[in-house]
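Inside the fold
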Amino acid sequence: MMGVVWSLLGILSGAFIAIQAPINSQLARGLGLPVAAAAFSFLSGAVVLGIISVTVRNLQGITLDWKAPAPWLFVAGGMLGGFYVTLSTILTPRIGAAALMAFLVAGQLLAGMLIDRVGFLGVAVREISLGRVAGAVLLLAGALLVRLY
């Protein structure tokens, strides 16, 4: 049962990404600068997540160990997210939300396969099988069809 719940939450998360792209593109149009729209998207998200983090930490009595993670981990995810949000903000009005989402999923799958193959940052190693390659090819073909038609 929990597998179904996690899968549905994954779908919901994907829907949020699709909805976020045109919102940030509209903000960029209004501001006149896509990078500024991405910055405000991150700023508002950081504030909300900061409040939630402090609340959960206080409710659960958790002490954060700021020394445990490697220092680069504190900025790497945010930097990658910043590029993602900025590029999505720029691309949405140019290629459309559906094509952008198709290419995003294709890029995520290809990167995910590489991450699985090398076991990046402790991810379980999984071979690149014929079935995975076929799935990636079909997904790329689907993304191209969504973009072209």
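Residues numbered from 1 in each chain as written. Predicted model: local features only at pLDDT ≥ 70, side-chain atom pairs only at ≥ 80, totals over all residues. Heavy atoms only, no water.

Looking at an unreviewed UniProt entry, one finds the protein named DMT family transporter, with Mesorhizobium newzealandense as its source organism.

1. Focus: the packing of aromatic side chains
Centre-to-centre distance and the angle between the planes together describe a pair of aromatic rings. If you walk through the whole model with that rule in mind, you get one aromatic pair. Considering the side-chain rings of Trp-66 and Phe-74, the 6.1 Å spacing of their centres and the 20° angle between planes classify their relative orientation as stacked. When its relative accessible area of 60% is taken as the criterion, Trp-66 is described as exposed. (Phe/Tyr/Trp six-rings, centres within 6.5 Å; stacked < 30°, edge-to-face > 60°. Buried < 20%, exposed > 50% of the residue type's maximum accessible area, 1.4 Å probe, protein only.)

2. Overview of the confidence of the model for the protein
Mean pLDDT for the protein: 94, with 100% of residues reaching 70 or above. Predicted confidence in the protein is weakest over helix α1 (residues 2-31), with a mean pLDDT of 93, and strongest over helix α2 (residues 34-60), with 95. (pLDDT = per-residue confidence, 0-100. Helix = DSSP H or I, 4+ residues; strand = E, 2+ residues; numbered from the N terminus.)

3. Remarks on helix α4 (residues 97-118)
With 22 residues, α4 extends 31 Å from end C-alpha to end C-alpha; this agrees with the ideal 32 Å at 1.5 Å per step. Those residues of α4 that sit buried are Ala-99, Leu-100, Met-101, Ala-102, Leu-104, Ala-106, Met-113 and Asp-116. Of the surrounding secondary structure, the elements contacted by the buried residues of α4 are α1, α3 (73-95) and α5 (130-148). The first or second residue beyond α4 is Gly-119, which carries a positive phi of 70°. (Expected span 1.5 Å × (residues − 1). Contact = heavy atoms within 4.5 Å.)

4. Side note on α1
In this model, α1 (30 residues) spans 42 Å end to end at C-alpha, consistent with the 44 Å of a helix rising 1.5 Å per residue. For α1, the complete set of buried residues consists of Ala-21, Asn-24, Ser-25 and Ala-28. Residues of α1 that are buried in the fold lie against α2, α3 and α4. Of the residues trailing α1, Gly-32 is marked for its positive phi of about 90°.

5. Let's talk about the UniProt feature "transmembrane region" (unreviewed entry) in the protein
What UniProt calls "transmembrane region" (unreviewed entry) maps, in this numbering, to residues 36-59, 71-91, 97-118 and 130-148. End C-alpha to end C-alpha, residues 36-59 measures 34 Å, and it is 100% helix and 0% strand. Across residues 71-91 one finds 90% helix and 0% strand; the C-alpha atoms that close the span lie 31 Å apart. (UniProt positions renumbered as here; feature names shortened; annotations may be inferred.)

6. Overview of the side chain of Ser-25
Positionally, Ser-25 belongs in helix α1. Residues in contact with Ser-25, not counting those within four places in the same chain, are Ser-88, Thr-89, Thr-92 and Pro-93.

7. A short note on the packing of α1 against α4
Interhelical geometry of α1 versus α4 gives an angle of 130° and a closest axis separation of 10 Å. It follows that α1 is oblique to α4 by the angle criterion. For the element pair α1 and α4, the recorded crossing hand is right-handed. Contact with α1, carried on its side by Ile-17, Ala-18 and Ala-21, involves Leu-100, Met-101 and Leu-104 of α4 and no other residues of that element. (Axes fitted to C-alpha atoms, helices over the stretch in contact; angles between N-to-C directions. Parallel < 35°, antiparallel > 145°, perpendicular 65-115°, else oblique. Left-handed = near helix turned anticlockwise from the far one by under 90°.)

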